[in-house]
Every structure is written in structure tokens, then in C-alpha cells.
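Fold and geometry: a report
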Amino acid sequence: MVAGAKPSQKAVRACLGAMRRLICLLLYCICGLVSMDAVVVLLYHSVDSNGTFHSVNPTEFRKQMEYLKKNYSIVTLKEILEFAVDGNALPKKSVAITFDDGYYDNYLNAYPYLWEHNLPAAIFLTTGHCGKKAALDGVPLRMLGWNEIKEMSRNGIVFGAHTVTHPDLRKMGPEEIKGEILGSANEIERRVGAKVEYFAYPYGAYTDEIVKLVEDVGIRAAFGSGRTEGLITSAEGPLVLKRVPVDRSVSMLMFKARLTKAVEWTRRTQEWARKIGRLFAGNLPGQTK
Ligand SMILES: [Zn+2]
């Protein structure tokens with residue numbers, strides 16, 4: 001019975017994938033015709049050919065950066081913060097580049113290009129993993145050490161906090177949560193010598209209480225992922241800012257689409273597609289880091 005069920009699951013998945021690509025193409029065309037105004041914060045994890053879902057191949061990463069350079073203004077997190085808090089004007093098509101967790105391949109495969117082209121970017125560090133290995137999608141990957149972090153900081157990369165141990169903060173008490181945020185921020189400040197003003201929620205997970213604690217410890221802007229996927233508007237405040245994740249499933253066409261309002265529409269259609277998929281093929285795997 002199980003052997004017989006597999007091909008139908010595969011067929012459903014292939015069908016859903018094709019549907020998603022088609023919807024993406026349509027939405028991209030519509031967004032291209034209607035409006036391309038957008039303020040986007042991109043979220044990368046690993047930039048490597050290790051094959052994990054949350055890795056982007058270095059060749060793809062360069063293509064994506066080339067596209068941004070030609071078509072978008074690449075702005076800093078400070079500019080995003082000023083836009084979110086004060087409504088300061090940004091160019092019509094603005095994008096910021098961020099990386100979560102602090103994988104060594106960011107230094108090896110992303111930083112040289114960013115440095116060469118003078119592109120601003122920020123890395124949110126899980127400080128307890130620095131210089132060690134940590135799992136991404138079950139695969140142990142080398143993490144950034146403090147020497148690489150200091151070098152990148154001297155050359156314009158901004159470092160934000162991403163906790164000490166990468167826990168789900170929703171499962172912790174207030175003092176533990178504060179310890180995770182401050183422990184991460186303080187170590188970066190001590191090692192790098194620059195004030196830490198930005199934070200990213202591990203797994204994009206937060207509650208109103210966690211947001212309040214983030215504010216209380218002096219973080220000026222905090223970034224989500226997952227359910228907060230989308231574009232940024234100046235009306236949202238700076239403590240749960242949306243981002244747009246990029247992973248190895250994102251084709252160049254999808255990448256272009258995800259820089260427009262299509263990202264929010266595709267997220268909804270993907271949610272519907274998953275619900276339909278579950279009806280026919282059982283649960284599809286969740287993909288969050
Ligand atoms: Zn993370």
C-alpha cells in the first residue's frame with residue numbers, strides 16, 4: 001500500500017510545484033505592470049553548494065546580487081529603521097541584505113562580492129555557535145569565527161544579535177529571554193567594538209511579551225521571518241519587521257517576483273496549496289530555520 005502511495009504523492013508535489021511557478025510568473029507580470037514600489041529586507045542563511053534547503057548556491061547568489069545592483073537601491077538597516085520609525089523617504093525600489101545564524105560560507109562566498117561592489121549587508125549572529133559547527137536542515141556546517149567577524153565588521157558588514165543558543169524564545173521565561181538577547185548583543189559589542197542595535201527572532205518566533213523584552217533591552221529594530229514574510233511599510237513600527245527569505249528553491253524568476261507585492265500574494269497561495277496538498281498527500285514538510 002505504501003509503495004503504491006508514493007508515486008501519487010510525487011505527482012501531487014510536482015503538480016503543486018508547477019502551479020506555484022505558474023502563479024509566480026503571473027503575479028510577477030501583474031506586479032511589473034501595476035507597481036514595482038517596494039522596501040524589502042532579504043533573508044539568507046547559508047551561501048554554499050552544500051545542498052541544504054536554506055542554502056543558496058554561490059553562483060545564484062551572485063546572479064541575484066547583479067540583478068539587485070542593476071534594478072534596486074541597496075540600503076542599510078539604519079535606512080530601513082529610519083523609514084520604519086520616522087517615515088524617512090527611501091528610493092522607490094529599496095532592498096536590504098541580511099543573513100541569519102552566521103555561517104562561515106557567508107565569509108567565503110558572499111562577503112567577497114559584497115566587499116568588491118561596496119554593498120551594505122548585515123549578519124545576525126548566534127554567538128554561542130561562533131567558531132563551532134551548527135546544523136542547518138540537519139547538516140552540520142562551520143560557523144563564523146571572531147576573526148572573520150572582526151574583519152567583516154571593519155569593512156562595513158553590520159552585526160546584529162540572534163541570541164546565544166538559537167532557542168524558540170516562546171518556550172522561555174522573561175529572564176532567560178533577556179539573557180539570550182543581551183548575551184548575544186553584549187558579546188558582539190565586546191568583540192567587535194560596535195553597538196548592537198538590531199536583532200532577529202530565531203525561527204521568526206515571537207509573542208507580544210518577547211517583543212516588549214526586545215524593546216526593553218535597547219534593541220532598536222527587530223526582524224522576523226516565516227509568518228512575517230513580506231514587504232516593509234512605514235506604518236508597522238521597528239520591532240517586528242518583515243523579511244523575504246531566499247533559499248535554494250527560489251529560481252531567478254521567483255527571486256524577481258519576491259521583490260514585489262507578489263511575495264505576499266504567493267505566500268497566501270502557497271498556504272492554500274499546502275492545505276490542498278495535505279488533503280491529497282498528507283503533511284508536506286515544514287521548512288523554517
Ligand atoms: Zn536562525
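Right above here is the structure, for reference.
Values in this document were obtained by computation on a predicted structure and should not be read as measured data.

1. Focus on the environment of Gly230
- Along the polypeptide, Gly230 turns up in the loop between strand 11 (221-223) and strand 12 (244-245).
- Here Gly230 falls in the buried class, since 20 other C-beta atoms lie within 10 Å of it.
- In contact with Gly230, other than residues within four places in its own chain, are Lys242, Val263 and Glu264.

2. Re the pairing of strand 8 (residues 139-142)
- In terms of strand pairing, strand 7 (residues 133-136) meets strand 8 through four bridges, oriented antiparallel. Paired with Leu136 across the bridge in strand 8 is Val139.
- Here strand 7 folds back onto strand 8 in antiparallel fashion, the turn holding two residues, of which Asp137 has a positive phi close to 50 degrees.

3. Some points on the pairing of strand 1 (residues 38-44)
- The element strand 1 is largely enclosed, with a buried count of seven among its seven residues.
- Looking at chain direction, strand 1 and strand 5 (residues 93-101) are connected through seven bridges and run parallel. The partner of Val40 across the bridge, within strand 5, is Val95.
- Here strand 1 runs beside strand 12; their pairing, made up of two bridges, is parallel. Among the inter-strand pairings, Leu42 is bridged to a residue of strand 12, identified as Val244.

Thresholds, definitions, all that
- Residues numbered from 1 in each chain as written.
- Predicted model: local features only at pLDDT ≥ 70, side-chain atom pairs only at ≥ 80, totals over all residues.
- Helix = DSSP H or I, 4+ residues; strand = E, 2+ residues; numbered from the N terminus.
- Buried ≥ 20, exposed ≤ 12 C-beta atoms within 10 Å, placed from the backbone.
- Contact = placed C-beta atoms within 7 Å.
- Pairing = 2+ DSSP bridges.

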